[in-house]
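Chain residues, written in single-letter form:
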Amino acid sequence: MSINESPNLRMAQRLALAVPALLLAGAYLSQYGFDLYPCEMCWWQRYPHFAAVAFALLSFLAAPKRLWIALAAGGLLTSGLIGLFHAGVEYGWWEGVTSCAAIPQTGEGQSALDAIMNAPVVRCDEAPWTLLGISLAGFNFLISTATSLFIFNLLRKEGRS
């Protein structure tokens, strides 16, 4: 980190790394800790978070920092918009492009065919968990979109100075 970096750029960089990493950690905790298996659209939301983490890490290593941070914020925004689409499917606002997905997990001594046949069916149009009526996809939309817009605003302020 250079001495000339502004607080806005540092905050944008840290948010661009921390928020998608924490959202991914929460997704994996809910999956492996609470058996809330992801549907296909849940996976679609994770992919841009992986990209956002990679771009944010690049911002610590390579120039131009603002570009990598902006790309990370773009990944966050993309995931948030996919979350909005998924939440809309869950709330019945519109129809989704898929209805369900099976998540096979092989256990010790279990054949691959048994794992596939016994995999839980996870529907994309049913929210497995909500808090105050907001699903995980809805929370992803709110958190990812708000954070990305905040990061873009910090970068805009940085560009003016």
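Summarised in this report is the structure supplied together with it. For every chain, the first residue of the written sequence is number 1, and numbering continues from 1 along that sequence. Note on the predicted model: pLDDT of at least 70 is required for a residue's local features to be given, and 80 or more for side-chain atom pairs to be given and counted; whole-chain, interface and lining totals, by contrast, use all residues. Only hydrogens and water are set aside; all other atoms, that is, all heavy atoms of the structure, feed into the side-chain values.

Observations concerning helix α3 (residues 65-90)
The α-helix advances 3.6 residues per turn, and as a result positions three or four apart in sequence lie on the same side. Helix and strand assignments follow DSSP, with helices taken as H or I runs no shorter than four residues and strands as E runs no shorter than two, numbered in order from the N terminus. Given the number of residues in a helix, its expected span is that number minus one, multiplied by 1.5 Å. The terminal C-alpha atoms of α3, which comprises 26 residues, lie 37 Å apart, in line with the 38 Å expected from a rise of 1.5 Å per residue. Downstream of α3 by a residue or two, G92 has a phi angle that is positive, lying close to 80 degrees.

Comments concerning the packing of aromatic side chains
By convention, a stacked pair of Phe, Tyr or Trp rings (six-membered ring in the case of Trp) has centres within 6.5 Å and planes under 30 degrees apart, an edge-to-face pair has planes over 60 apart, and any other such pair is tilted. Within the structure shown, the criterion is met by seven aromatic pairs. Centroid distance Y91 to W93: 5.1 Å. Interplanar angle 50 degrees. Geometry classified as tilted. The exposure class assigned to Y91 is partly exposed, which follows from its relative accessible area of 32%. Following the ring pairs from residue to residue traces out a cluster consisting of Y28, Y32, W43 and Y47. The rule is short: NZ of Lys or CZ of Arg within 6 Å of the ring centre and within 35 degrees of the ring normal puts a charge over the ring. Its end group placed over the ring of Y28, R46 keeps NZ or CZ at 4.5 Å from the ring centre. For R46, the ring lying beneath its charged end belongs to W43, and the centroid distance is 4.5 Å. For every residue, the accessible area (1.4 Å probe, protein chains only) is compared with the maximum for its type, and the residue is labelled buried under 20%, exposed over 50%, or partly exposed between those bounds.

Concerning the state of the cysteines
Two cysteine sulfur atoms make up a disulfide if the distance between them is within 2.5 Å. Counting across every chain of the model gives zero disulfides. Free cysteine C42: the closest other cysteine sulfur is in C39, separated by 3.5 Å. C42 gets classed as partly exposed once you look at its relative accessible area, which sits at 24%.

Things to note about the nonpolar core
Within the largest apolar cluster, 14 residues are counted, with the highest numbers of intra-cluster contacts made by A12, A16, I69, A72, I151 and L155. Elements with a contribution of two residues or more to this core: α1 (7-34), α2 (40-61), α3 and α5 (136-160). Top element by residues in this core is α1. It accounts for five residues. Contact between two residues is taken to exist if any of their heavy atoms lie within 4.5 Å; hydrogens are not considered. Excluding anything up to four places from it in sequence, A72 contacts A16, A52, F55 and A56. Note on terminology: a nonpolar core comprises buried Ala, Val, Leu, Ile, Met, Phe, Trp, Tyr and Cys residues joined through side-chain atoms within 4.5 Å. By size, the runner-up hydrophobic cluster in this structure holds five residues, among which are C39, M41, V89 and C124.

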